[in-house]
Amino acid sequence: MLLSIQNLSKCYPGLPPSRAVLRNISLDLEAGKSIALTGESGSGKSTLLHLIAALDHYDTGDIKIDGTSLTGLTDRTRAEIRRTKVALVFQQYNLVPSLTVGKNLLLHARLGGRVDLDWNTTLTHRLGLADLTDRYPEQLSGGQQQRVAIGRALAVRPKLLLADEPTGNLDETASAEVLKLMLELVRKSGTSLFLVTHSAQIAAQLDRQVHLSEGVLQ
């Protein structure tokens, strides 16, 4: 099991346990599989994703990624997991504006010491970015920027890709195209995908769907 979440709870300071943002969440994701997490705004979707990414700390329960528990890890070890095992794609792209497309694509792979130029070339061409590598993010459309963000995340060949509303800023046509490419490349690389979305249509394209309501999985 690549991702295992057991009895996970998270409550922000000042709130009673009954108002916990996440309550006793248990969830497993096999290697090479995909899962969509749906739910209304404020249901705790992004909080759960941030906990899996080791960007925040949970109160009780446990998260294991590739057999490694996140409980009690130092910030340095958490950062190492994000560099080597987990990659993230967000709605806001988060590209480095001073770097070209080509350098943005290789950024995380270089930081993690996992540069694979052949795989990077495959990603660049499949994402339709081969003629854009010398441009800067501000010179790209929203769909093109999101393709760069996906390519940057997959360049490290992560075991787990976390995507938070990755097509939320795109129109319907661009959204469908970007999602299709992401799913294709995830399958090609053997990466597991945990995708947060409000769209039932998008969720239906993944292997499994779960719904979060008021901090509880349904």
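Structure shown above.
Residues numbered from 1 in each chain as written. Predicted model: local features only at pLDDT ≥ 70, side-chain atom pairs only at ≥ 80, totals over all residues. Heavy atoms only, no water.

### Focus on the overall build of the protein chain
Line of reasoning, step 1. The number of helices and strands found in the protein chain is seven helices and 10 strands.
Line of reasoning, step 2. Relative to the 2.2 N^0.38 estimate, which gives 17 Å for 218 residues, the radius of gyration of the protein chain is 17 Å and therefore close to what a compact globule would have.
Line of reasoning, step 3. When contacts within the protein chain are restricted to residue pairs at least 6 apart in sequence, long-range pairs at least 24 apart make up 72% of them.
Line of reasoning, step 4. Total accessible area computed for the protein chain in this model is approximately 10,500 Å², and 46% of it derives from carbon and sulfur atoms.
Line of reasoning, step 5. Separation of charge centres in the protein chain, based on 24 positive and 22 negative side chains, amounts to 4 Å. (Helix = DSSP H or I, 4+ residues; strand = E, 2+ residues; numbered from the N terminus. Rg over C-alpha atoms; globule rule 2.2 N^0.38 Å. Contact = heavy atoms within 4.5 Å. Areas by Shrake-Rupley, 256 points an atom, 1.4 Å probe, with all protein chains shown as cover. Lys, Arg positive; Asp, Glu negative; His and termini not counted. Charge placed at Lys NZ, Arg CZ, Asp CG, Glu CD.)

### What to know about the sheet that holds strand S10 (residues 216-217)
Line of reasoning, step 1. If you walk across this open sheet you meet the six strands as S6-S7-S8-S3-S9-S10, and the pairing is mixed. Whereas interior strands pair on both sides, the edge strands pair on one side only; in this sheet they are strand S6 (86-90) and S10.
Line of reasoning, step 2. For strand S9 (residues 208-213) and S10, the ladder comprises two bridges, and the chain directions are antiparallel. Along S10, the bridge assignment pairs Leu 212 with Leu 217.
Line of reasoning, step 3. Against the sheet, helix H1 (residues 45-52) engages strand S3 (34-38), S6, strand S7 (160-164), strand S8 (192-196) and S9, with an angle of about 155° to S7.
Line of reasoning, step 4. Against the sheet, helix H5 (residues 142-154) touches S6 and S7, its axis set at about 175° to S6. (Pairing = 2+ DSSP bridges. Axes fitted to C-alpha atoms, helices over the stretch in contact; angles between N-to-C directions.)

### Regarding the packing of aromatic side chains
Line of reasoning, step 1. The full count for this structure, using the stated rule, is zero aromatic pairs.
Line of reasoning, step 2. Sitting above the plane of the Trp 119 ring, Arg 157 keeps its charged end 4.3 Å from the centroid. (Phe/Tyr/Trp six-rings, centres within 6.5 Å; stacked < 30°, edge-to-face > 60°. Lys NZ or Arg CZ within 6 Å of the ring centre and 35° of its normal.)

### Side note on helix H3 (residues 101-111)
Line of reasoning, step 1. Three or more residues of H3 are buried, namely Val 101, Asn 104, Leu 105, Leu 106 and Ala 109.
Line of reasoning, step 2. Where H3 is buried, its residues contact helix H4 (117-126) and H5.
Line of reasoning, step 3. Phi for Gly 113, located one or two positions after H3, is positive at around 65°. (Buried < 20%, exposed > 50% of the residue type's maximum accessible area, 1.4 Å probe, protein only.)

### With respect to the packing of H4 against helix H6 (residues 172-189)
Line of reasoning, step 1. Two elements in contact, H4 and H6, have axes separated by 11 Å at closest approach and are oriented at 160°. Taken as axis vectors, H4 and H6 run roughly antiparallel relative to one another. Our pair here, H4 against H6, has a crossing hand that is right-handed. Along the contact surface, H4 presents Trp 119, Thr 122, Leu 123 and Arg 126, while H6 presents Leu 181, Glu 184, Leu 185, Lys 188 and Ser 189.
Line of reasoning, step 2. Each residue belonging to the contact of H4 with H6 can be placed in one class, and the counts come to four nonpolar, two polar and three charged. (Parallel < 35°, antiparallel > 145°, perpendicular 65-115°, else oblique. Left-handed = near helix turned anticlockwise from the far one by under 90°. Nonpolar A, V, L, I, M, F, W, Y, C, P; charged D, E, K, R; others polar.)

### Thoughts on the sheet that holds strand S4 (residues 60-65)
Strands in a sheet are paired, the pairing made by backbone hydrogen bonds, and the direction either parallel or antiparallel.
Line of reasoning, step 1. Reading across from one edge, S2-S1-S4-S5 is the order of the four strands in this open sheet, with antiparallel pairing throughout. Each of the sheet's edge strands pairs with one partner strand only, and the pair in question is strand S2 (22-29) and strand S5 (68-69).
Line of reasoning, step 2. With two bridges joining them, S4 and S5 adopt antiparallel strand pairing. What sits directly across from Ile 65, in S5, is Thr 68.
Line of reasoning, step 3. This element, H1, spans strand S1 (3-10), S2 and S4 of the sheet and lies at about 125° to S1.

### Points about unusual backbone geometry
Line of reasoning, step 1. Of note in the backbone geometry, Glu 165 takes a positive phi value of approximately 45° without being a glycine.
Line of reasoning, step 2. For Glu 214, which is not glycine, the phi dihedral falls at a positive 55°.
Line of reasoning, step 3. Structurally, Glu 214 can be placed in the loop between S9 and S10.

### Some details on the nonpolar core
Generally speaking, a soluble globular protein has its nonpolar side chains buried in company with each other.
Line of reasoning, step 1. The biggest cluster of nonpolar side chains holds 37 residues, and the ones touching the most others in it are Leu 161, Leu 193 and Leu 195.
Line of reasoning, step 2. Of all elements in the fold, only S6, H3, H4, H5, S7, H6, S8 and helix H7 (200-203) reach the threshold of two or more residues within this core.
Line of reasoning, step 3. Here this core gets eight residues from one element, more than from any other, and that element is H6.
Line of reasoning, step 4. Excluding anything up to four places from it in sequence, Leu 195 contacts Ile 35, Ala 36, Leu 37, Ala 163, Pro 166, Leu 179, Met 182, Ile 202 and Leu 206.
Line of reasoning, step 5. Counting residues in hydrophobic clusters, the runner-up holds 30 residues, among them Leu 2, Val 21, Leu 51 and Ala 54. (Core = buried A, V, L, I, M, F, W, Y, C linked by side-chain atoms within 4.5 Å.)

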